[in-house]
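Examination of the molecular architecture
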Amino acid sequence: MENAEFWSDFRARSDELAGLMDADSVNEAFEAIDNMLSTHNLPFCFDITMGEECPLLIFSPEGDRREAMKIDELLRNAPHCGSWRFFGRRQKKHLDDAAAIVQELYYRDPRLMTYGLRKSGSGWLLTMQVPSASDMASEVAQGMVNTFLWHAVGEGAVMDNGIIGRVVLSDTASSENTLNAEGAVARMDEIERQRIAGGA
């Protein structure tokens, strides 16, 4: 019931919210959507941004599969709304754009890090090597590598391929961490292409 009521409210204000996005009043639009979600007891993480043709409302399960199922259910009830597009996972971005997001949140440039990628169980482990002087708290480090993955590779691809990120604080060159950011993303993009081809 909450899903249908939320979308009813959203549709009623969709043109107004799109107008706010066009006018670069992103914070006002974000607050309005956040209030609607709270009103209908739908406490999902989300982003809004301008796409090429219309604004985008992008929900994120933050890597949590149970939250992902709830978001998928929400989007199954989404209206056909020409002034907006809806997504249930953070979308893949150009590496420079993903790096800019990481820098804004964590003050570090992931393009300067080295990476390792190897099979781990049924999924993959990405290691991001960060200088030890960074002295990051574990939860901050995990947030940084997750943010890099979700934006540089795409949250859906990360979850569907079982890619887990881990930060290694070290100044010593490692035989496992030999990829630059571009190479690491290219490897993960190839893993996603193979997954899709295998399911075709």
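Residues numbered from 1 in each chain as written. Predicted model: local features only at pLDDT ≥ 70, side-chain atom pairs only at ≥ 80, totals over all residues. Heavy atoms only, no water.

**Points about the sheet that holds strand β4 (residues 114–120)**
By definition, the strands of a sheet pair up through backbone hydrogen bonds, in either a parallel or an antiparallel sense. What counts, and what does not: When DSSP finds two or more bridges between two strands, those strands count as paired. Runs of H or I in DSSP of at least four residues are treated as helices and runs of E of at least two as strands, each being numbered from the N terminus. Angles here are taken between N-to-C directions and fall from 0 to 180 degrees, while the axes themselves are lines fitted to C-alpha atoms, restricted in helices to the stretch in contact.
Judged by pairing direction, the sheet is mixed, and its 3 strands sit side by side in the order β4-β5-β6 without closing on themselves. One side of each edge strand has no neighbouring strand; the edge strands of this open sheet are β4 and β6 (163–169). Ignoring which end each strand starts from, the neighbouring axes of this sheet average 25° apart. Two strands pair when backbone bridges link them, and β4 and strand β5 (residues 123–130) are joined in this way by 7 bridges, in the antiparallel orientation.

**Let's talk about the packing of aromatic side chains**
For any pair of aromatic rings, the description consists of the separation of the ring centres together with the inter-plane angle of the planes. Just so we agree on the cut-off: When two rings of Phe, Tyr or Trp (its six-membered ring) have centres within 6.5 Å they constitute a pair, described as stacked for plane angles under 30 degrees, edge-to-face for angles over 60, and tilted for the intermediate range.
Evaluation of the coordinates by the stated rule reveals 9 aromatic pairs. Consider the rings of W7 and F10, whose centres lie 5.8 Å apart with planes at 75°: the pair is edge-to-face. Separated by 3 residues within a single helix, W7 and F10 lie in helix α1 (residues 2–22), roughly one turn from each other. Following the ring pairs from residue to residue traces out a cluster consisting of F6, W7, F10, W84 and F86.

**Side note on the layout of surface pockets**
Selection rule: Only protein atoms enter the 1 Å grid, on which a cavity is a set of points fitting a 1.4 Å probe that cannot get out and a pocket is an open set with protein on both sides within 12 Å along at least 5 of 7 lines, lining residues being those with an atom within 4 Å of a point. Grid points are joined across faces, edges and corners, and a volume is the space filled by probe spheres set on the points. Each residue receives one of three labels: charged for Asp, Glu, Lys and Arg, nonpolar for Ala, Val, Leu, Ile, Met, Phe, Trp, Tyr, Cys and Pro, and polar for the others, Gly being one of them.
One number sums up the size of the largest pocket: a volume of about 450 Å³. Taken together, 17 residues make up the lining of the largest pocket; nearest its centre are D47, R90, K93, I101 and H151. Broken down by secondary-structure element, the contributors of at least two residues to the lining of the largest pocket are β1 (45–50), β2 (55–60), α4 (95–106) and α5 (138–160). In the lining of the largest pocket, the residues fall into 8 nonpolar, 4 polar and 5 charged. In terms of lining, the second largest pocket is formed by G63, R65, Q142, N146, L149, W150, V158, M159, G162, I163, I164 and G165. Every element with two or more residues in the lining of the second largest pocket is listed here: α5 and β6. Its residues assigned to classes, the lining of the second largest pocket comprises 6 nonpolar, 5 polar and 1 charged.

**Let's talk about the side chain of Q129**
The cut-off we apply is this: We call a residue buried when its accessible area falls under 20% of the maximum for its residue type, exposed when it is over 50%, and partly exposed in between, using a 1.4 Å probe and counting protein chains only. Within 3.5 Å is the distance limit for a polar contact, defined as a pair of N or O atoms, with the added protein rule that one can donate a hydrogen and the other accept it, and that residues adjacent in sequence qualify only through two side-chain atoms. Only heavy atoms matter for contacts: two residues are in contact if any of them lie within 4.5 Å across the pair.
With respect to the helices, strands and loops of the structure, Q129 is situated in strand β5. Q129 gets classed as buried once you look at its relative accessible area, which sits at 9%. Engagement of the side chain of Q129 in a polar contact is seen with the backbone oxygen of S170, the distance being 3.4 Å. Sequence-distant contacts of Q129, defined by excluding residues within four places in its chain, comprise M113, T114, V168, S170, D171, T172, A173, S174 and N177.

**Quick word on the sheet that holds β1**
Taking strand neighbours across the sheet as the criterion, the 3 strands line up as β1-β2-β3 in an open arrangement whose pairing is mixed. Looking at strand neighbours, the two that pair on one side only are β1 and β3 (85–87), the edges of this open sheet. Each neighbouring strand pair of the sheet contributes to a mean axis angle of 20°, computed without reference to strand direction. Pairing analysis gives 3 bridges linking β2 to β3, with the strands arranged parallel. Within the sheet, the bridge partner assigned to L56 lies in β3 and is R85. Where α1 meets the sheet, its contacts fall on β1, β2 and β3, and the angle it forms with β2 comes to roughly 125°.

**Observations concerning helix α3 (residues 65–76)**
Inclusion rule: An expected span of 1.5 Å times one less than the residue number is assigned to each helix. The directions considered for the arc run from the helix axis to the C-beta atoms.
Given a rise of 1.5 Å per residue, 12 residues ought to cover 16 Å, and the 16 Å separating the end C-alpha atoms of α3 matches this to within 8%. Of the residues making up α3, those classed as buried are A68, I71 and L74. Considered in projection along α3, the buried side chains sweep an arc of 120° and stay on one side of the axis. Set apart from the buried face of α3 by more than 90 degrees, the exposed residues are R65, R66, M69 and R76. Elements that come into contact with the buried residues of α3 comprise α1, β2 and α5. A side-chain oxygen of the first residue of α3 lies 2.8 Å from the backbone nitrogen of R66; this N-cap is D64.

Any functional reading would require information that these geometric values do not contain.
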